[in-house]
Amino acid sequence: MRLLQGLIFTAALISGSTAITTPKPSKACSLKARGPLLHELQDTAIKDFAQIFFVDRNPKKAFDKYVPGRYIEHNPNGLSGRENAISFLTGFLATPGLTITNLTAYAGGGFGHMRFREGVKGEFDRVVSDRLKFEGTCFVEHWDVSQDVTGQETNPLAWF
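Looking up the chain in an unreviewed UniProt entry gives the name SnoaL-like domain-containing protein, with the organism given as Ephemerocybe angulata.

With that out of the way, let us pick up the packing of helix α2 (residues 38-55) against helix α3 (residues 59-66). Viewed as axis vectors pointing N to C, α2 and α3 meet at an angle of 155 degrees, and their least axial separation amounts to 7 Å. With respect to each other, α2 and α3 are oriented roughly antiparallel. Like other packed secondary-structure pairs, α2 and α3 cross with a definite hand, here right-handed. Contacts from Ala45, Asp48, Phe49, Ile52 and Phe53 in α2 reach Pro59, Lys61, Ala62, Phe63, Lys65 and Tyr66 in α3. The class makeup of the residues in the contact of α2 with α3 is eight nonpolar, no polar and three charged.

A few words now on the sheet that holds strand β4 (residues 124-135). If you trace the five strands from one edge of the open sheet to the other, you get β1-β5-β4-β3-β2, paired in mixed fashion. The sheet is open, and its two edges are formed by β1 (72-73) and β2 (99-108), each paired on a single side. Across ten bridges, the pairing between β4 and strand β5 (residues 138-148) is antiparallel. Each bridged residue has a counterpart across the sheet, and for Val128 the counterpart in β5 is Ser146.

Mapped onto the elements of the fold, His142 is located in strand β5. Among the polar contacts made by the side chain of His142, one reaches the side chain of Glu73 at a distance of 2.7 Å. At 2.6 Å, the side chain of His142 and the side chain of Asp130 are in polar contact.

Take His113: it is sitting in strand β3 (residues 111-120). Residues contacting His113, with those up to four places away along its chain left out, are Ile46, Thr104, Ala105, Tyr106, Gly108, Asp130 and Arg131.

A few words now on α2. Since there are 3.6 residues in each turn of an α-helix, residues three or four apart along the chain are aligned in direction. For α2, with 18 residues, the first-to-last C-alpha span of 25 Å sits near the 26 Å given by 1.5 Å per residue. Inspection of α2 places Leu38, Gln42, Asp43, Thr44, Ala45, Ile46, Asp48, Phe49, Ala50, Ile52, Phe53 and Phe54 among the buried residues, and these make up the whole buried set. On its buried face, α2 sits against α3, α4 (82-93), β2, β3, β4 and β5. Immediately beyond the C-terminal end of α2, within one or two residues, lies Arg57, with a positive phi of roughly 55 degrees.

It is worth spelling out the pairing of β2 at this point. The pairing of β2 with β3 spans eight bridges and is classified as antiparallel. Directly across from Ala107, in β3, lies its bridge partner Gly112. Linking β2 to β3, which pair antiparallel, is a turn of two residues; within it Gly109 sits at a positive phi near 65 degrees.

What counts and what doesn't
Residues numbered from 1 in each chain as written. Predicted model: local features only at pLDDT ≥ 70, side-chain atom pairs only at ≥ 80, totals over all residues. Heavy atoms only, no water. Axes fitted to C-alpha atoms, helices over the stretch in contact; angles between N-to-C directions. Helix = DSSP H or I, 4+ residues; strand = E, 2+ residues; numbered from the N terminus. Parallel < 35°, antiparallel > 145°, perpendicular 65-115°, else oblique. Left-handed = near helix turned anticlockwise from the far one by under 90°. Contact = heavy atoms within 4.5 Å. Nonpolar A, V, L, I, M, F, W, Y, C, P; charged D, E, K, R; others polar. Pairing = 2+ DSSP bridges. Polar contact = N/O pair within 3.5 Å; in protein donor to acceptor, adjacent residues only side chain to side chain. Expected span 1.5 Å × (residues − 1). Buried < 20%, exposed > 50% of the residue type's maximum accessible area, 1.4 Å probe, protein only.

What follows is the structure in C-alpha coordinates.
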(Lines give C-alpha, C1' and ligand atoms only; values in the text may rest on other atoms or scores of the structure.)
Protein backbone atom coordinates (compact mmCIF):
# COMPACT_ATOMS: atom_id res chain seq x y z
CA MET A 1 0.00 0.00 0.00
CA ARG A 2 2.77 2.46 0.90
CA LEU A 3 4.57 1.59 -2.32
CA LEU A 4 1.43 2.40 -4.32
CA GLN A 5 0.97 5.73 -2.47
CA GLY A 6 4.61 6.59 -3.10
CA LEU A 7 4.28 5.80 -6.80
CA ILE A 8 1.16 7.96 -7.11
CA PHE A 9 2.88 10.85 -5.29
CA THR A 10 5.99 10.51 -7.47
CA ALA A 11 3.88 10.39 -10.64
CA ALA A 12 2.07 13.55 -9.57
CA LEU A 13 5.38 15.33 -8.94
CA ILE A 14 6.83 14.23 -12.27
CA SER A 15 3.72 15.26 -14.18
CA GLY A 16 3.77 18.68 -12.51
CA SER A 17 0.28 18.25 -11.10
CA THR A 18 -0.92 17.85 -7.56
CA ALA A 19 -3.56 15.52 -6.23
CA ILE A 20 -5.37 18.32 -4.37
CA THR A 21 -6.41 21.50 -6.11
CA THR A 22 -8.05 24.58 -4.65
CA PRO A 23 -10.72 26.07 -6.88
CA LYS A 24 -10.24 29.69 -7.88
CA PRO A 25 -13.19 32.08 -7.73
CA SER A 26 -15.23 31.98 -10.91
CA LYS A 27 -16.45 35.05 -12.77
CA ALA A 28 -20.02 34.26 -11.73
CA CYS A 29 -21.77 31.75 -9.53
CA SER A 30 -23.60 28.75 -10.97
CA LEU A 31 -27.05 27.69 -9.77
CA LYS A 32 -26.40 24.28 -11.35
CA ALA A 33 -22.99 23.54 -9.79
CA ARG A 34 -22.83 19.95 -8.54
CA GLY A 35 -20.32 17.19 -8.08
CA PRO A 36 -17.50 16.04 -5.83
CA LEU A 37 -15.86 19.48 -5.61
CA LEU A 38 -19.07 21.34 -4.67
CA HIS A 39 -18.03 21.88 -1.04
CA GLU A 40 -14.69 23.36 -2.13
CA LEU A 41 -16.43 25.55 -4.71
CA GLN A 42 -18.89 26.79 -2.09
CA ASP A 43 -16.09 27.48 0.39
CA THR A 44 -14.27 29.49 -2.28
CA ALA A 45 -17.51 31.33 -3.11
CA ILE A 46 -18.28 32.43 0.46
CA LYS A 47 -14.71 33.58 1.04
CA ASP A 48 -14.71 35.55 -2.23
CA PHE A 49 -18.13 37.02 -1.39
CA ALA A 50 -16.85 38.11 2.06
CA GLN A 51 -13.77 39.72 0.48
CA ILE A 52 -15.78 41.68 -2.08
CA PHE A 53 -18.56 42.58 0.34
CA PHE A 54 -16.74 43.43 3.57
CA VAL A 55 -13.11 44.14 2.66
CA ASP A 56 -13.68 45.85 -0.69
CA ARG A 57 -17.01 47.20 0.62
CA ASN A 58 -18.78 46.58 -2.64
CA PRO A 59 -22.12 44.85 -1.96
CA LYS A 60 -23.40 45.45 -5.49
CA LYS A 61 -20.43 43.65 -7.02
CA ALA A 62 -20.76 40.80 -4.48
CA PHE A 63 -24.48 40.43 -5.22
CA ASP A 64 -23.96 40.71 -8.99
CA LYS A 65 -21.50 37.82 -8.77
CA TYR A 66 -23.21 35.58 -6.20
CA VAL A 67 -26.93 36.47 -6.03
CA PRO A 68 -28.24 36.14 -9.58
CA GLY A 69 -31.97 36.30 -8.89
CA ARG A 70 -34.32 35.29 -6.11
CA TYR A 71 -33.10 36.37 -2.66
CA ILE A 72 -35.11 35.54 0.45
CA GLU A 73 -34.30 37.70 3.48
CA HIS A 74 -35.09 36.55 7.03
CA ASN A 75 -33.76 39.61 8.87
CA PRO A 76 -36.82 41.29 10.45
CA ASN A 77 -35.45 44.72 9.49
CA GLY A 78 -34.90 43.89 5.82
CA LEU A 79 -37.03 43.00 2.84
CA SER A 80 -36.51 40.11 0.45
CA GLY A 81 -35.12 40.81 -3.00
CA ARG A 82 -31.70 41.57 -4.44
CA GLU A 83 -32.27 45.27 -5.00
CA ASN A 84 -33.64 45.83 -1.48
CA ALA A 85 -30.57 44.15 0.01
CA ILE A 86 -28.10 45.98 -2.24
CA SER A 87 -29.68 49.35 -1.44
CA PHE A 88 -29.69 48.81 2.33
CA LEU A 89 -26.24 47.24 2.53
CA THR A 90 -24.57 49.83 0.30
CA GLY A 91 -25.81 52.57 2.61
CA PHE A 92 -24.85 50.67 5.76
CA LEU A 93 -21.30 49.89 4.59
CA ALA A 94 -20.82 53.59 3.75
CA THR A 95 -21.52 54.57 7.38
CA PRO A 96 -18.75 56.96 8.47
CA GLY A 97 -16.38 55.29 10.94
CA LEU A 98 -17.76 51.78 10.41
CA THR A 99 -15.25 49.06 11.24
CA ILE A 100 -15.50 45.39 10.36
CA THR A 101 -13.06 43.09 12.21
CA ASN A 102 -12.58 39.42 13.07
CA LEU A 103 -14.09 38.34 9.75
CA THR A 104 -14.31 34.57 9.25
CA ALA A 105 -16.02 32.88 6.29
CA TYR A 106 -16.51 29.20 5.53
CA ALA A 107 -18.98 26.79 3.92
CA GLY A 108 -20.61 23.62 5.15
CA GLY A 109 -23.84 21.70 4.80
CA GLY A 110 -25.04 23.74 1.84
CA PHE A 111 -24.62 27.05 3.64
CA GLY A 112 -22.06 29.83 3.66
CA HIS A 113 -21.27 31.27 7.08
CA MET A 114 -19.66 34.59 7.95
CA ARG A 115 -19.05 35.95 11.41
CA PHE A 116 -17.52 39.27 12.30
CA ARG A 117 -17.54 42.26 14.60
CA GLU A 118 -18.88 45.58 13.39
CA GLY A 119 -19.17 48.94 14.98
CA VAL A 120 -18.90 52.68 15.01
CA LYS A 121 -17.03 54.04 18.02
CA GLY A 122 -19.42 55.60 20.50
CA GLU A 123 -22.50 54.41 18.60
CA PHE A 124 -22.61 50.63 18.47
CA ASP A 125 -20.43 47.55 18.79
CA ARG A 126 -21.82 44.12 17.93
CA VAL A 127 -20.95 40.68 16.68
CA VAL A 128 -22.84 39.22 13.75
CA SER A 129 -23.27 35.75 12.31
CA ASP A 130 -24.60 35.54 8.75
CA ARG A 131 -25.88 32.34 7.16
CA LEU A 132 -26.43 32.19 3.40
CA LYS A 133 -28.10 29.22 1.71
CA PHE A 134 -26.41 27.94 -1.42
CA GLU A 135 -28.05 26.79 -4.60
CA GLY A 136 -25.03 25.50 -6.50
CA THR A 137 -22.46 28.24 -5.80
CA CYS A 138 -25.04 31.06 -5.67
CA PHE A 139 -26.77 32.49 -2.61
CA VAL A 140 -30.57 32.42 -2.51
CA GLU A 141 -31.48 32.95 1.14
CA HIS A 142 -30.09 34.82 4.17
CA TRP A 143 -30.40 34.69 7.96
CA ASP A 144 -28.43 36.62 10.54
CA VAL A 145 -28.16 37.11 14.26
CA SER A 146 -26.35 39.85 16.10
CA GLN A 147 -25.53 40.62 19.68
CA ASP A 148 -24.31 43.83 21.24
CA VAL A 149 -20.85 43.93 22.80
CA THR A 150 -21.11 45.82 26.08
CA GLY A 151 -17.63 45.31 27.53
CA GLN A 152 -19.29 43.86 30.65
CA GLU A 153 -19.46 40.25 29.45
CA THR A 154 -18.88 37.65 32.20
CA ASN A 155 -17.29 35.16 29.84
CA PRO A 156 -13.68 36.08 28.99
CA LEU A 157 -13.96 33.89 25.86
CA ALA A 158 -17.04 35.72 24.57
CA TRP A 159 -17.28 36.44 20.87
CA PHE A 160 -13.85 35.67 19.40
